[in-house]
Amino acid sequence: MPFYDFACSQCSKEFTVRRKFAEMDDPAPCPECGSDDTKRQISIFYATNTGSSTAAASSPKTNVRHI
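So, a few notes on the structure that sits alongside this text. Nothing here was measured: the structure is a model prediction, and the numbers come from that model. (Residues numbered from 1 in each chain as written. Predicted model: local features only at pLDDT ≥ 70, side-chain atom pairs only at ≥ 80, totals over all residues. Heavy atoms only, no water.)

### Comments concerning the environment of Cys 30
Then, in step 1: Here Cys 30 shows up in the loop between strand E2 (14-18) and strand E3 (38-40).
Then, in step 2: The class for Cys 30 is buried, based on a relative accessible area of 4%.
Then, in step 3: With 16 residues separating them in the primary sequence, Cys 30 and Glu 14 have C-alpha atoms 8.4 Å apart.
Then, in step 4: The contact partners of Cys 30, leaving out residues within four places of it in the chain, are Cys 8, Cys 11, Lys 13, Phe 15, Ser 35 and Thr 38. (Helix = DSSP H or I, 4+ residues; strand = E, 2+ residues; numbered from the N terminus. Buried < 20%, exposed > 50% of the residue type's maximum accessible area, 1.4 Å probe, protein only. Contact = heavy atoms within 4.5 Å.)

### Some details on unusual backbone geometry
Then, in step 1: Despite not being glycine, Ser 12 shows a phi value in the positive range, around 70 degrees.
Then, in step 2: By secondary structure assignment, the location of Ser 12 is in the loop between strand E1 (3-8) and E2.

### What to know about the nonpolar core
Then, in step 1: The biggest cluster of nonpolar side chains holds eight residues, and these are Tyr 4, Phe 6, Cys 8, Phe 15, Val 17, Met 24, Ala 28 and Cys 30.
Then, in step 2: Elements supplying a minimum of two residues to this core: E1 and E2.
Then, in step 3: Sequence-distant contacts of Tyr 4, that is, excluding residues within four places in its chain, are made with Phe 15, Thr 16, Val 17, Arg 19, Lys 20, Phe 21, Met 24 and Arg 40. (Core = buried A, V, L, I, M, F, W, Y, C linked by side-chain atoms within 4.5 Å.)

So, to be careful, I would describe these as geometric facts and stop short of saying anything about function.
Given below as structure tokens:
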């Protein structure tokens, strides 16, 4: 199961939740204040290649690998 980042609208706490793909946009209760007024945040995706060649290129501005 993938991890998703959320932010609480009440206390501004940011937290990560592991859940099914089909549940990715469902609100997650805030672990700090218990509010259900939370929104999923955009996350950075990172992948590596364990083979001898790499199919990803590194961006010099952000140091994030794009596939």
